[in-house]
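# Commentary on secondary and tertiary structure
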Amino acid sequence: MNTQDTIFALSSAPGKSGVAVVRISGNDLSKLFERIINKNEHIVRHAYYTNFKDDNNDLIDQCIAIFFSAPNSFTGEDVIEIYSHGASAVIDKIFDFLRGYNCRIANRGEFSQRAFYNNKMDLTDVDGLIALLDAQTDKQRQSALRSLTGNDSKTYTDWRNQMIEISAYAAAILDYDEDDLPKDIDKKILEKTKTLLQELKNSVDGFHASRALRNGFNIVLIGETNVGKSSIFNKLVGSNRAIVSDIAGTTRDVVSSQIDLDGYLVNLSDTAGIRESNDIIEKIGIERTHDEIEKADLIIHVYNNIPEIIKSDEITVINKSDLLTDKSNKNVIYTSVNTDTGFDILLNTIKQKMHELMGNSESKITINERTYELLKEAISELENAINKYDGNYDIFAEHVHRASDAIGKILGVITTSEIADATFSRLCLGK
Ligand SMILES: Nc1nc2c(ncn2[C@@H]2O[C@H](COP(=O)(O)OP(=O)(O)OP(=O)(O)O)[C@@H](O)[C@H]2O)c(=O)[nH]1
Ligand SMILES: [Mg+2]
């Protein structure tokens, strides 16, 4: 990465808008800024109204420009922000101008990358930023902001420090006399490692919940053909998205829709009814139903009569209850699309199950695929330290040290360029 370059990008969304924000970052941008505002001096963090002109003295646009001097800026370098009118012709003209001043367009996530290398953010903050830019619901926004504002960094840093301390004491047991070390240090570090292991394990349990928070909660409607899955799906999403008919095997592909339930993003899927079929297309549809079941956080199993087995991890719905006289089973939800009954109970049950899954996750760290793998690595090293412990502190220290390295990678304190590059490339341009 060449950090000497001056980079720029459109930081606001592309397309027509009232205001567009062009961000520029580099070393020593004072002169460039004064050129933009047509002055020989400037005050930092001051909004200048400028008739921004190109080198032929043609007006590019009337803009506001602000200078943030290093290190007090998003990237830690000198940063200029230009607020222009949001028209593509204006943006193109500003970009042309900047190219003429030895600036180049930024790569995806390059601003954040510079912020990272200038110690403005650690990798968990960047993870939070990525999640915030993707947030669609209020819960997602809250969770992302917790990561972005350093909540997760604190937890990880604390874990890592404890691991480094344990590993240092374990190594010291070999090198120092018992009398020179704190009393019962061997027992204490073993206990501490066990407590840490449990804390890490608890937070990984929240991964399922964090994933649901970030990517949406996957709820799938399954059941035999013709029981009314598509009718219920339409009812829940509030529109006639899926085709309903009395022909068994109407739905052949997965039909999905996103809904917002209590601030949680829900991906609701209607599926092909499960039955033995010789029809090639229907068979593919049924295979897809099984794929959806694999991905599901919650299954709504639809029947028309009480099944032999009621699974506790599914919501069991008896639809077409308008055709039933006995509706006394307390373990199922009776619905009828025809008479519009039972849907308030169904929705409340779904919400309750979602809240159960989210559990205490909201107070825990937010985990994504990257941090999940590294946390699992740390857990396995701590387990190795404890399980393989036979009085040999050398090996114990090594395992705990490796666990601290895994946490260091989460924070980006220990980086491999692949980890950093993979993280930044998930950001959009201008961030
Ligand atoms: N009486 C009654 N009929 C219903 C009810 N819900 C759905 N139906 C009817 O049952 C038939 C099948 O409904 P669908 O929603 O297409 O059923 P499905 O489970 O999606 O069927 P496949 O896509 O073939 O698997 C349609 O004729 C619906 O009008 C209900 O609550 N009561
Ligand atoms: Mg259907």
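Residues numbered from 1 in each chain as written. Chains lettered and ligands numbered in written order. Predicted model: local features only at pLDDT ≥ 70, side-chain atom pairs only at ≥ 80, totals over all residues. Heavy atoms only, no water.

### Some details on the domain arrangement of the protein
To keep things clear, this is the line we draw: Domain segmentation is taken from an automatic or database assignment of domains. The contact rule is simple, with two residues in contact once any of their heavy atoms fall within 4.5 Å. Accessible area that two parts lose when put together, with a 1.4 Å probe and added across both, is what the buried area reports. One side-chain nitrogen of Lys or Arg within 4 Å of one carboxyl oxygen of Asp or Glu is enough to make a salt bridge.
For the protein, the assigned domains read domain 1 (6-122), domain 2 (125-206 + 366-411) and domain 3 (217-358). One C-alpha centre belongs to domain 1, the other to domain 2; they are set 40 Å apart. Contacts between the two partners involve five residues from domain 1 and, on the opposite side, six residues from domain 2. Both faces combined, the contact of domain 1 with domain 2 buries some 490 Å², and carbon together with sulfur accounts for 57% of it. Taken as a group, Ser-112, Met-121 and Asp-122 account for 89% of the area that domain 1 buries against domain 2, more than any other trio of residues on that side. Taken together, domain 1 and domain 2 are joined by zero salt bridges.

### A closer look at a nonpolar patch on the surface
Threshold: Distance thresholds for patches are 9 Å for like charges and 5 Å for nonpolar side chains (Val, Leu, Ile, Met, Phe, Trp, Tyr), applied to residues having over 30% relative accessible area and no salt bridge. Note that accessible areas follow from Shrake-Rupley with a 1.4 Å probe, and for residues the cover is restricted to the protein chains shown. Helix and strand definitions here come from DSSP, where helices need a minimum of 4 consecutive H or I residues and strands a minimum of 2 consecutive E residues; each element is numbered from the N-terminal end.
A cluster of nonpolar side chains, namely Ile-280, Ile-281 and Ile-284, defines an oily patch on the protein surface of about 300 Å² accessible area. With respect to the helices and strands, Ile-284 occurs in helix H10 (residues 280-295).

### What about the environment of Leu-29?
Threshold: Partly exposed describes any residue whose relative accessible area lies between the buried limit of under 20% and the exposed limit of over 50%, with all areas from a 1.4 Å probe on protein chains only and scaled to the type maximum.
Its place among the elements puts Leu-29 in the loop between strand S2 (17-26) and helix H1 (30-37). Residue class for Leu-29 comes out buried when judged on its relative accessible area of 3%. C-alpha separation for the pair Leu-29 and Ile-80, spaced 51 residues apart in sequence, amounts to 7.7 Å. Apart from the residues lying within four places of it in its own chain, the contact partners of Leu-29 are Thr-6, Ile-24, Phe-67, Asp-78 and Ile-80.

### A word on the pattern of salt bridges
Overall, the coordinates contain 23 salt bridges when judged by the stated rule. When the shortest N-O distance is used, the salt bridge between Asp-138 and Arg-141 registers 2.9 Å. Remark: Arg-141 and Asp-138 occur in helix H5 (residues 138-148); sequence separation between them is three residues, near one turn of the helix. On the basis of relative accessibility, which here comes to 40%, the residue Asp-138 falls in the partly exposed class. Residues Asp-253 and Arg-288 are paired through a salt bridge, measuring 2.9 Å at the closest nitrogen-oxygen approach. Linking Asp-253 in the loop between helix H9 (229-237) and strand S8 (255-261) with Arg-288 in helix H10, this pair joins segments that are 35 residues apart in sequence. In this structure Asp-253 comes out as partly exposed when scored by relative accessible area, which is 40%. Because the salt bridges share partners, they merge into one network encompassing Asp-5, Glu-77, Arg-104, Glu-110 and Arg-114.

### A few points about the side chain of Thr-335
Let me state the cut-off plainly: For this analysis, a polar contact is any N or O atom pair within 3.5 Å, provided that within protein one partner can donate a hydrogen and the other can accept it, and provided that sequence-adjacent residues contribute only side-chain to side-chain pairs.
For Thr-335, the location among the structural elements is in the loop between strand S12 (333-334) and helix H11 (343-358). With relative accessibility at 0%, the residue Thr-335 sits in the buried group. Within polar-contact distance, the side chain of Thr-335 engages the side chain of Asn-319 at 3.0 Å. If sequence neighbours within four positions are ignored, Thr-335 has contacts with Ile-232, Val-317, Ile-318, Asn-319, Lys-320, Ser-321, Thr-341, Gly-342 and Phe-343.

### As for the pairing of strand S3 (residues 48-53)
Convention followed: Strand pairing follows a simple DSSP-based rule, namely that at least 2 bridges must link the two strands.
Alternating residues of S3 divide into Tyr-48, Thr-50 and Phe-52, all buried, and Tyr-49, Asn-51 and Lys-53, none buried. Where S3 meets strand S4 (residues 59-68), six bridges bridge the pair, whose relative direction is antiparallel. When the bridges of S4 are listed, Tyr-48 appears paired with Ala-65. Counted along the chain from S3 to the antiparallel partner S4, the turn is five residues long, and its residue Asn-57 has a positive phi close to 70°.

### Comments concerning the sheet that holds strand S6 (residues 103-105)
Keep this limit in mind: Axis lines are fitted to C-alpha atoms, over the contacting stretch for helices. Their N-to-C directions set the angle, which ranges from 0 to 180 degrees.
The six strands lie next to each other as S3-S4-S5-S2-S1-S6, forming an open sheet whose pairing is mixed. In the strand order of this sheet, the two ends are held by S3 and S6, each with one partner. Across the sheet, the mean angle from the axis of one strand to that of its neighbour is 30°, orientation sign disregarded. Taken together, the five bridges between S4 and strand S5 (residues 78-86) define a ladder with antiparallel strand orientation. Bridge pairing in S5 places Ile-66 opposite Glu-81. The sheet strands contacting helix H2 (residues 88-100) are strand S1 (6-10), S2, S3, S4, S5 and S6, and the helix crosses S5 at an angle near 150°.

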